[in-house]
Amino acid sequence: KWKASHHSHHKRRGVSDKQTSTRSPSSRLNMSARSAIRFMARVPNGATGARAMSSNMITQKGGAHGNRPAAHMQWRNKPLLRREGDVMFRTGAEAVAILKDESGRRDHNEVQFNATFGSCLDALAPVFDRNPKLAWIAKQLAEPERTITFRVAWLDDQGTLRLNRGFRCQYSSSLGPYDGGLHFGKHVTTDYVKASAFDAL
């Protein structure tokens, strides 16, 4: 009886069995890359909304310097980094390598964050090939908006004052209010919190 009512409920909503099936492991692995693409399409300082991901923007061939009209070639001589000279890229793979090197240089001791950030960039290399301006938005994601470290003082059952350190990483408010879970334990560090916040984008 439950199966019949459940099936009829989906029929009324116009949802097929195929649409309600669980995702395959390969599709789950690509969720973070798809989330990052949706995020980039809505960042105010970058491409303007969904137009940035429309079909006419993802058909560019030849890497960052493909066959685009003159109005779209402003990225030809625009450096991705300006540290010890202008650093430019021609392909998505080159952009990924530049951003990963810069993240490692800035936060060489944050192993978990660099691994999470680098894994997402590797998945986005084809996107940078087709729409190179998104590499500048990915550059902004190398640093959270703010990271707060604070003291947590409390009394145990014996009446002894105990101190713990708390962390709060507010990565990006481009999609709305900050969100994320709570973690308690010895494993929680600035690196762990920053990596978790980036992974939740």
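Heads up: the structure comes first, above all this text.
A quick note: this is a predicted structure, and the numbers were derived from the prediction, not measured. (Residues numbered from 1 in each chain as written. Predicted model: local features only at pLDDT ≥ 70, side-chain atom pairs only at ≥ 80, totals over all residues. Heavy atoms only, no water.)

Draft legend 1. Layout of the packing of helix H5 (residues 111–130) against helix H7 (residues 190–199). Between H5 and H7, the least distance of the axes is 7 Å, while the angle of their chain directions is 20°. By the angle between their axes, H5 is roughly parallel relative to H7. Residue-level contacts link Val 111, Gln 112, Phe 113, Thr 116, Phe 117 and Cys 120 of H5 to Asp 191, Tyr 192, Lys 194, Ala 195, Phe 198 and Asp 199 of H7. Grouping the amino acids of the contact of H5 with H7 by side-chain chemistry returns 7 nonpolar, 2 polar and 3 charged. (Axes fitted to C-alpha atoms, helices over the stretch in contact; angles between N-to-C directions. Helix = DSSP H or I, 4+ residues; strand = E, 2+ residues; numbered from the N terminus. Parallel < 35°, antiparallel > 145°, perpendicular 65-115°, else oblique. Contact = heavy atoms within 4.5 Å. Nonpolar A, V, L, I, M, F, W, Y, C, P; charged D, E, K, R; others polar.)

Draft legend 2. Quick look at a nonpolar patch on the surface. On the surface, Ile 148, Phe 150, Val 152 and Trp 154 cluster together to form a nonpolar patch covering roughly 320 Å² of accessible area. Positionally, Trp 154 belongs in strand E3 (residues 146–155). For Trp 154, a relative accessible area of 35% puts it in the partly exposed group. (Patch = residues over 30% accessible without salt bridge, like charges linked within 9 Å, V, L, I, M, F, W, Y side chains within 5 Å. Areas by Shrake-Rupley, 256 points an atom, 1.4 Å probe, with all protein chains shown as cover. Salt bridge = Lys/Arg side-chain N within 4 Å of Asp/Glu carboxyl O. Buried < 20%, exposed > 50% of the residue type's maximum accessible area, 1.4 Å probe, protein only.)

Draft legend 3. Focus on the environment of Ala 135. Along the chain, Ala 135 falls in helix H6 (residues 134–140). For Ala 135, a relative accessible area of 0% puts it in the buried group. C-alpha separation for the pair Ala 135 and Ala 95, spaced 40 residues apart in sequence, amounts to 6.7 Å.

Draft legend 4. Spotlight on the pattern of salt bridges. Throughout the structure, instances matching the rule amount to 7 salt bridges. With a shortest N-O distance of 3.0 Å, Asp 86 and Arg 82 are connected by a salt bridge. On the accessibility criterion, Asp 86 (44% relative accessible area) is partly exposed. Measuring nitrogen to oxygen at the nearest pair gives 2.9 Å for the salt bridge that ties Arg 106 to Glu 143. Taken together, the residues span a long stretch of sequence, with Arg 106 in helix H4 (residues 92–106) and Glu 143 in the loop between H6 and E3 at a distance of 37 residues.

Draft legend 5. Spotlight on the nonpolar core. With 30 residues, the main nonpolar core has Leu 80, Phe 89, Phe 117, Leu 121, Phe 128, Ala 135 and Phe 198 as its most contacted residues. Mapped by element, the contributors of at least two residues to this core are H4, H5, H6, strand E4 (161–170) and H7. Broken down by element, the residue count for this core peaks at 8 residues, all from H5. Every residue in contact with Ala 135, bar those within four places of it in the chain, is listed here: Leu 80, Phe 89, Ala 95, Leu 99 and Phe 128. (Core = buried A, V, L, I, M, F, W, Y, C linked by side-chain atoms within 4.5 Å.)

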